[in-house]
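# Structural characterization, general
This is what each chain is made of:
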Amino acid sequence: MRERGAAGVWCALSALAAVLLTSCQGLSGPGDGDSGGDSGGEGTVSAGASADARRSGYGAVFLAIDECSSFGTVSTTEVSCDSERAAARVVAREDGRASAGPPCPATTDFVLHISEQRPSADEDGDGTVPRGYACMRKLLPPHPGDPGAGGGPRTIVGDCVRDTVGTGDTGGGKVRETSCDGTGEKKPQYQVVRAVVERADCPASTTLYVRIGGDRPVGCARPL
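Residues numbered from 1 in each chain as written. Predicted model: local features only at pLDDT ≥ 70, side-chain atom pairs only at ≥ 80, totals over all residues. Heavy atoms only, no water.

This paragraph deals with the overall build of the protein chain. Counting its secondary structure elements, the protein chain contains one helix and 14 strands. Buried residues in the protein chain amount to 45% of all 224 residues. Considering only contacts in the protein chain between residues 6 or more positions apart, those separated by 24 or more positions represent 58%. (Helix = DSSP H or I, 4+ residues; strand = E, 2+ residues; numbered from the N terminus. Buried < 20%, exposed > 50% of the residue type's maximum accessible area, 1.4 Å probe, protein only. Contact = heavy atoms within 4.5 Å.)

Below, the structure written as C-alpha cells:
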C-alpha cells in the first residue's frame, strides 16, 4: 500500500468548532445579507499536482478526483480509499485560488488548499506544481456540509443562519451559519428555503436575502 505525504495543516470541523468555521455573510441593511463565499472547513497542504490532470488512479496526481486523504492536525496524507486510514474523498479538484475559482459542490464538507511548489521533478516534467484546491467529502457521517448541519464551506438551501448584530461576536453586522437543530453555540434565527436568480423570485415569507453564489446567487431566508 503506497502513501504520499503532504506537509500542511487541516482545520478539522467538529461539533464545537462548526460555528466558528462556517460561512459568514455581511448584512447591507434590514433584510439583506451577502455571502462571504467559501470560508469554512478549510485547510492547507503542500503537494504535487499537474496542471491538466483532473482525474486519476491513486498516486498519479496528488488528491485528484475520487482519491482519498487521511485526517491529521499537523499533516494531510493521500492514502488509498481502501485504507483504514482513509477519511475523506475528493469530489472536485481545481487549479488556482478557491476565491477565484469555481465553487465546490454544495455538500462539500471542507476544502484543502494546495500550495504552489517548484520541485526538481514532478508528474508532467515541467518542474512546476500549480496552486490548487480540493473539495472534500468525509467518508463517514457526520457531514458538516449537509443542509442544516451548520458547517461546510458554502451556505446552501436548507442551511440556517443567525444574526450576529449585538451579540458581541467579532464582525458584528454579519449573519453566520449555525446548525438548524439548535445544537450549535447559538440558536438559528433564519433558514434558507430557496435559491433564486433575483430577489423578486423569493417567496413572500422571505425576510432575509443571502448572497450564496452560483447560478442562483440569492438565498431566500425566512424566520424560524
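The subject of this paragraph is the state of the cysteines. Counting across every chain of the model gives four disulfides. Here Cys68 pairs with Cys81 through a disulfide, and the sulfurs are 2.0 Å apart. Torsion about the S-S bond of the Cys68 and Cys81 cystine: about 100°, corresponding to right-handed handedness. One end of the pair, Cys68, is in strand E5 (residues 68–69); the other, Cys81, is in the loop between strand E6 (78–79) and strand E7 (88–95), with 13 residues separating them in the sequence. Classification of Cys68 as buried rests on a relative accessible area of 0%. (Disulfide = S-S within 2.5 Å.)

Further remarks concern the environment of Val218. Position of Val218 among the secondary structure elements: in strand E14 (residues 218–223). Here Val218 falls in the buried class, since its relative accessible area comes to 13%. In the structure, Val218 is positioned 23 residues away from Ala195 in sequence and 5.6 Å away in space, judged by C-alpha atoms. In contact with Val218, other than residues within four places in its own chain, are Arg194, Ala195, Val196, Val197, Glu198, Arg199, Cys202, Tyr209, Val210 and Ile212.

Relative to strand E11 (residues 174–178), strand E10 (residues 160–163) runs antiparallel, the two being bridged by four bridges. Bridge pairing in E11 places Asp163 opposite Val175. Alignment of E10 against strand E12 (residues 190–196), held across two bridges, turns out to be antiparallel. From the neighbouring strand, Cys160 faces E12, where its bridge partner is Gln191. (Pairing = 2+ DSSP bridges.)

Here we take up the pattern of salt bridges. Here the structure, examined in full by the defined rule, presents two salt bridges. Of the charged contacts, one joins Asp109 and Arg137 as a salt bridge, the two residues approaching to 3.6 Å between their closest N and O atoms. Of this pair, Asp109 sits in the loop between E7 and strand E8 (110–115) while Arg137 sits in strand E9 (residues 132–138), and the two are 28 residues apart along the sequence. Asp109 gets classed as buried once you look at its relative accessible area, which sits at 0%. Owing to a relative accessible area of 21%, Arg137 belongs among the partly exposed residues under this scheme. Each of Asp109, Arg137 and Asp146 takes part in one network of salt bridges that share partners. (Salt bridge = Lys/Arg side-chain N within 4 Å of Asp/Glu carboxyl O.)

Note the cis peptide between Pro141 and Pro142, where omega equals 5°. You can see Pro142 is positioned in the loop between E9 and E10. The phi torsion at Asp66 lies on the positive side, around 80°, for a residue other than glycine. Positionally, Asp66 belongs in the loop between strand E4 (42–46) and E5.

What follows is about the nonpolar core. Core analysis: the largest hydrophobic core is formed by nine residues, namely Phe62, Leu63, Ala88, Val90, Phe110, Leu112, Ile114, Ala134 and Met136. Within the residue set of this core, elements represented by two or more residues are E7, E8 and E9. For this core, the element with the most residues is E8, which contributes three residues. (Core = buried A, V, L, I, M, F, W, Y, C linked by side-chain atoms within 4.5 Å.)

The residue Thr206 is located in the loop between E12 and strand E13 (208–211) in this model. Of the polar contacts made by the side chain of Thr206, one reaches the backbone oxygen of Pro203; its length is 2.9 Å. (Polar contact = N/O pair within 3.5 Å; in protein donor to acceptor, adjacent residues only side chain to side chain.)

We now examine the side chain of Arg154. Examined against the element boundaries, Arg154 turns out to sit in the loop between E9 and E10. Polar side-chain contacts of Arg154 include one of 2.8 Å to the backbone oxygen of Cys104.

Another point: the confidence of the model for the protein chain. Averaged over every residue, the pLDDT of the protein chain is 73; the share at 70 or more is 61%. The secondary-structure element of the protein chain with the lowest mean pLDDT is helix H1 (residues 18–21), recorded at 34, while E12 shows the highest, at 97. Ignoring residues within four places in sequence, the model shows residues 35–39, a span with pLDDT below 50, making 17 contacts including any to other chains. Scored below 50 in pLDDT, residues 118–123 shows 13 contacts in the model against residues more than four places distant or in partner chains. (pLDDT = per-residue confidence, 0-100.)

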